Amino acid sequence: MIDLHTHTNASDGSYSPAELIDRAVALQLEALAITDHDTFAGYDQAIRHAVEAGLDLVCAIELAARTTGTPRRTIHLLGYFLHTSPSPGFRAWLEEILTSRRERNLRLIDKLQSMGVEIELNEVEGIGRTLTGRPHFARVLVQKGYAANSEEAFRRYLGESAAAFVERQQPDAKMAIQQILAGGGLPVLAHPGRLNIRDPEIEEHFISGLKDAGLRGIEVIHSDHQPWDVERYHGLAKKYGLAMSGGSDFHGDSKPKVALGTGVSGNVNVPRSVLEKLRKAG
Ligand code: AMP
Ligand code: ZN
Ligand code: FE
Ligand code: FE
């Protein structure tokens with residue numbers, strides 16, 4: 001068993017890179033990919049520990065991007081195997097994303113403060129470190145009693161239809177795919193089931209459009225996917241020649257229902273051959 005979608009506390013997971021490696025080893029995972037949002041910091045910290053423990057650690061990243069066609073969506077892209085390169089161009093492009101994120105965070109603090117919420121940027125950055133995102137804002141709001149839990153923090157303040165929401169500039173999907181390719185990586189559409197495109201024909205058209213833009217793989221197995229989703233995405237992967245990927249999207253205590261390696265109630269079980277085929281596609 002392997003897990004090709006996990007987060008450390010370098011983004012919004014709760015386990016440190018070393019702790020995540022320890023858990024993967026304890027579970028006897030045959031391979032693990034760290035797919036932190038917008039940063040390689042977790043992988044950079046984990047790699048020595050993984051080598052010592054004899055764990056096959058894959059470098060990856062998860063990026064959000066906006067599509068322009070219909071339906072218009074924010075998609076998540078996984079970029080695998082960037083470790084040998086990440087070209088200077090790719091790293092510079094990541095810096096731009098982090099800068100626009102920081103600028104969004106400043107505006108989000110302003111908006112929260114104007115609503116009477118006593119919150120400072122350094123409190124949020126203290127837990128978010130390299131990558132401060134809305135989940136870290138949610139944690140501070142909960143700690144300070146503004147919300148009972150993270151869901152409520154998103155509902156009342158941070159979510160897309162909530163009072164303090166501020167838009168973050170997101171790269172265009174085609175450009176993000178091209179950046180991953182140019183950086184030497186394999187671009188894979190993460191958890192397509194979350195896009196909630198109800199009509200299978202529209203969904204297929206959406207995915208084939210991404211393939212035309214350079215997409216090389218699709219995350220067929222994911223803890224949010226139902227068995228029929230897995231079947232449908234497996235079929236689309238074959239039809240469009242997309243490599244298949246799979247993982248739990250483990251975030252540790254930030255998403256306690258999702259277990260490393262096995263997902264929600266065992267709905268994730270990715271065989272090692274998936275990684276071998278991904279490597280061939282990369
Ligand atoms: P950011 O990239 O800082 O805008 O934060 C995006 C992250 O916030 C996502 O990856 C989710 O983990 C989390 N998130 C977004 N919307 C919600 C929501 N409505 N409820 C809980 N978590 C959310
Ligand atoms: Zn996340
Ligand atoms: Fe995601
Ligand atoms: Fe993820």
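Residues numbered from 1 in each chain as written. Chains lettered and ligands numbered in written order. Predicted model: local features only at pLDDT ≥ 70, side-chain atom pairs only at ≥ 80, totals over all residues. Heavy atoms only, no water.

**So, the coordination of the iron ion (ligand 3)**
Okay, step 1: Protein coordination at the iron ion (ligand 3) comes from Glu62 (OE), His76 (ND1) and His191 (NE2), with a distance range of 2.0 to 2.3 Å.
Okay, step 2: The sequence pattern describing where the donors of the iron ion (ligand 3) fall on their chain is E-x13-H-x114-H.
Okay, step 3: Separation of the iron ion (ligand 3) from the zinc ion (ligand 2) amounts to 5.7 Å. Of the two residues, glutamate 62 is situated in strand β3 (residues 56-66) and histidine 76 in strand β4 (residues 74-80); the sequence distance between them amounts to 14 residues. (Donors = N, O, S within 2.8 Å, 3.2 Å for Na, K, Ca; no water. Helix = DSSP H or I, 4+ residues; strand = E, 2+ residues; numbered from the N terminus.)

**Things to note about the coordination of the zinc ion (ligand 2)**
Six octahedral donors around a metal ideally subtend angles of 90 or 180 degrees, whereas four tetrahedral donors ideally subtend 109.5 degrees.
Okay, step 1: For the zinc ion (ligand 2), the full set of protein donor atoms is Asp12 (OD), Asp12 (OD), His37 (NE2) and His251 (NE2), and the range of their distances to it is 1.9 to 2.6 Å.
Okay, step 2: Angles of 51 to 146 degrees at the metal separate the four donor atoms of the zinc ion (ligand 2), which places the site in the irregular class.
Okay, step 3: The motif formed by the donor residues of the zinc ion (ligand 2), counted along the single chain, is D-x24-H-x213-H.
Okay, step 4: Look at aspartate 12 and you get buried, because its relative accessible area is 10%.
Okay, step 5: With relative accessibility at 2%, the residue histidine 251 sits in the buried group. (Tetrahedral: all angles 85-135°; square planar, octahedral: opposite > 155°, others 65-115°. Buried < 20%, exposed > 50% of the residue type's maximum accessible area, 1.4 Å probe, protein only.)

**Quick word on the sheet that holds β4**
Okay, step 1: Strands sit in the order β1-β2-β3-β4-β5-β6-β7 across an open sheet of seven strands; the sheet is mixed. Among the strands making up the open sheet, the edge pair consists of β1 (2-6) and β7 (243-247). Each strand of the sheet is rotated relative to its neighbour by a mean of 30 degrees, with strand direction disregarded.
Okay, step 2: Bridge count between β3 and β4: seven bridges; the pairing is antiparallel. (Pairing = 2+ DSSP bridges. Axes fitted to C-alpha atoms, helices over the stretch in contact; angles between N-to-C directions.)

**Regarding the packing of aromatic side chains**
Okay, step 1: In the structure shown here, the tally under the stated rule is four aromatic pairs.
Okay, step 2: Between phenylalanine 90 and tryptophan 93 the ring centres are 5.7 Å apart and the planes differ by 50 degrees, which places this aromatic pair in the tilted class. One end of the pair is phenylalanine 90 and the other is tryptophan 93, both in helix α3 (residues 88-114) and three residues apart, which spans about a single turn.
Okay, step 3: Taking the relative accessible area as the measure of exposure, phenylalanine 90 reaches 0% and is therefore buried.
Okay, step 4: A connected cluster of aromatic rings, assembled from ring pairs, spans Phe40, Phe90 and Trp93.
Okay, step 5: Positioned above the aromatic ring of tyrosine 233 is the side chain of arginine 232, whose terminal nitrogen or guanidinium carbon lies 4.8 Å from the ring centre. (Phe/Tyr/Trp six-rings, centres within 6.5 Å; stacked < 30°, edge-to-face > 60°. Lys NZ or Arg CZ within 6 Å of the ring centre and 35° of its normal.)

**A few points about the site of ligand 1**
Okay, step 1: Close to ligand 1 lie Asp12, His37, Arg101, Arg104, Gly133, Arg134, Pro135, Phe154 and Arg168.
Okay, step 2: Between ligand 1 and the protein, one listed contact pairs an oxygen atom with a side-chain N or O atom of arginine 101 at 2.8 Å.
Okay, step 3: The contact in question runs from an oxygen atom of ligand 1 to an N or O atom on the side chain of arginine 104, over 2.7 Å.
Okay, step 4: Compared with its free state, where it exposes 510 Å², ligand 1 has 67% of that area covered by protein.
Okay, step 5: Contributing elements (two or more residues each) for the shell around ligand 1: α3 and α5 (134-143).
Okay, step 6: Of the residues that constitute the shell around ligand 1, the class distribution is two nonpolar, two polar and five charged. (Near = heavy atom within 4 Å. Polar contact = N/O pair within 3.5 Å; in protein donor to acceptor, adjacent residues only side chain to side chain. Areas by Shrake-Rupley, 256 points an atom, 1.4 Å probe, with all protein chains shown as cover. Nonpolar A, V, L, I, M, F, W, Y, C, P; charged D, E, K, R; others polar.)

**A few points about the nonpolar core**
Okay, step 1: Among the nonpolar cores identified, the biggest contains 63 residues, and Leu32, Ile75, Tyr80 and Phe90 are the most heavily contacted of them.
Okay, step 2: Residue contributions to this core peak at seven residues, all from β3.
Okay, step 3: Of all hydrophobic cores here, the second largest spans 17 residues; its members include Leu108, Val117, Phe137 and Val166. (Core = buried A, V, L, I, M, F, W, Y, C linked by side-chain atoms within 4.5 Å.)

**Looking at the side chain of histidine 251**
Okay, step 1: Examined against the element boundaries, histidine 251 turns out to sit in the loop between β7 and α10 (272-281).
Okay, step 2: A polar atom in the side chain of histidine 251 sits 3.2 Å from the side chain of aspartate 12.
Okay, step 3: The contacts of histidine 251, once residues within four sequence positions are left out, are His7, Asp12, Gly13, Ser14 and His37. (Contact = heavy atoms within 4.5 Å.)

These figures come from the coordinates and say nothing about function on their own.
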